[in-house]
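# Observations on the model geometry
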Amino acid sequence: MISHPSRHCTVELQALPSRIGQVRRILSAQLRYWHMDPLIDRAVLGVTELLTNVHRHAQPDKTCTVKIELLLDRLMVSVHDHDPRLPVVADIKDTEPLATCGRGLAMVAAVSESWGVRPDGESGKFVWFTLPTPSATLPQRPQRQTVLDKSALRFAEVRVDGRRPEHAPARSAVAG
């Protein structure tokens with residue numbers, strides 16, 4: 001089931017490899033729709049890692065919900081599964097150099113602004129991460145100030161006889 005009002009998108013699924021690919025495509029399309037293209041790679045990597053953890057570790061089933069929320073200055077991606085056990089974050093120093101698993105949450109931490117886990121009682125847990133939106137990461141431009149000569153302003157606004165000029169009706173520049 002997919003729902004996506006203007007500021008969030010929710011996808012319910014079985015965390016199976018084929019479905020994880022579908023969620024990546026949905027997430028990419030939603031971020032393009034929101035004009036958040038610079039976030040696609042990091043968001044897709046993060047959600048892939050979270051869904052892979054559900055696929056590998058969640059008990060009793062692989063049912064989960066992915067929620068994507070566009071907040072004021074950040075994107076939040078969360079995955080809710082029905083396993084109340086909290087993830088164990090491996091220390092990268094203890095991971096074998098050629099290991100093919102055990103680095104997922106470390107990668108999520110590396111590509112995100114923040115991440116965490118929120119227990120949901122016996123109903124499972126939420127694992128989430130945030131990314132700053134492109135507008136939040138751009139430096140603010142100083143506002144341009146325009147200084148006008150007051151005599152020029154007075155001349156532009158008042159006719160010689162002391163009355164304000166009337167605006168001329170708009171005319172089309174199209175011939176015909």
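This one's a predicted model, so the numbers in the text were calculated from it and none came from an experiment.

On to the nonpolar core, then. Considering soluble globular proteins, one finds that nonpolar side chains tend to be buried as a cluster. Counting residues in each nonpolar core, the largest one holds 31 residues, and the members touching the most others are Leu31, Val47, Leu51, Val66, Ile68, Leu75 and Val79. Of all the elements in the fold, those that place two or more residues in this core are strand 2 (8-14), helix 1 (17-33), helix 2 (40-57), strand 3 (63-70), strand 4 (74-81), helix 3 (104-111) and strand 6 (125-132). For Val47, the residues in contact, after removing those within four places along its chain, are Val23, Leu27, Val66, Val77, Val79 and Phe129.

We now examine the packing of aromatic side chains. Scanning all chains against the criterion turns up zero aromatic pairs. The ring of Phe126 carries the charged tip of Arg118 above its face, separated from the ring centre by 4.2 Å.

Topologically, Asn53 is positioned in helix 2. Judged by its relative accessible area of 24%, Asn53 falls in the partly exposed class. Spatially, the C-alpha atom of Asn53 lies 10.0 Å from that of Asp81, the residues being 28 residues apart in sequence. Those residues in contact with Asn53, other than ones at most four positions away along the chain, are Ala58 and Leu105.

Moving on: the pattern of salt bridges. Per the stated rule, a full pass over the model turns up five salt bridges. Taking the shortest distance from any N to any O, the salt bridge between Arg74 and Asp73 comes out at 2.6 Å. Owing to a relative accessible area of 25%, Arg74 belongs among the partly exposed residues under this scheme. Arg74 is the partner of Glu113 in a salt bridge, and the nearest nitrogen-oxygen pair spans 2.9 Å. Taken as a pair, Glu113 in the loop between helix 3 and strand 5 (114-119) and Arg74 in strand 4 lie far apart in primary sequence, 39 residues in all. Taking relative accessible area as the criterion, Glu113 reaches 39% and is therefore assigned partly exposed. Members of the salt-bridge network, linked through shared partners, are Asp73, Arg74 and Glu113.

Okay, the pairing of strand 6 next. Counting buried residues in strand 6 gives seven out of eight residues, a clear majority hidden from the surface. One ladder, built from eight bridges, connects strand 4 with strand 6; its direction is antiparallel. What sits directly across from Asp81, in strand 6, is Lys125. Bridging between strand 5 and strand 6 involves six bridges; their strand directions are antiparallel. Each residue of the ladder has a partner; that of Ser114, found in strand 6, is Thr130. Remark: five residues form the turn of the hairpin made by strand 5 and strand 6, two consecutive strands paired antiparallel; Gly121 in that turn has positive phi of roughly 60°.

A separate point is the confidence of the model for the protein. Averaged over all residues, the pLDDT of the protein equals 78, while 66% of them reach at least 70. Confidence drops under a pLDDT of 50 for residues 138-162, and excluding neighbours within four residues, the segment shows eight contacts in the predicted structure. A low-confidence stretch, residues 167-176 stays under pLDDT 50, and its non-local contacts, those more than four residues away or across chains, total zero contacts.

Parameters at a glance
- Residues numbered from 1 in each chain as written.
- Predicted model: local features only at pLDDT ≥ 70, side-chain atom pairs only at ≥ 80, totals over all residues.
- Heavy atoms only, no water.
- Core = buried A, V, L, I, M, F, W, Y, C linked by side-chain atoms within 4.5 Å.
- Buried < 20%, exposed > 50% of the residue type's maximum accessible area, 1.4 Å probe, protein only.
- Helix = DSSP H or I, 4+ residues; strand = E, 2+ residues; numbered from the N terminus.
- Contact = heavy atoms within 4.5 Å.
- Phe/Tyr/Trp six-rings, centres within 6.5 Å; stacked < 30°, edge-to-face > 60°.
- Lys NZ or Arg CZ within 6 Å of the ring centre and 35° of its normal.
- Salt bridge = Lys/Arg side-chain N within 4 Å of Asp/Glu carboxyl O.
- Pairing = 2+ DSSP bridges.
- pLDDT = per-residue confidence, 0-100.

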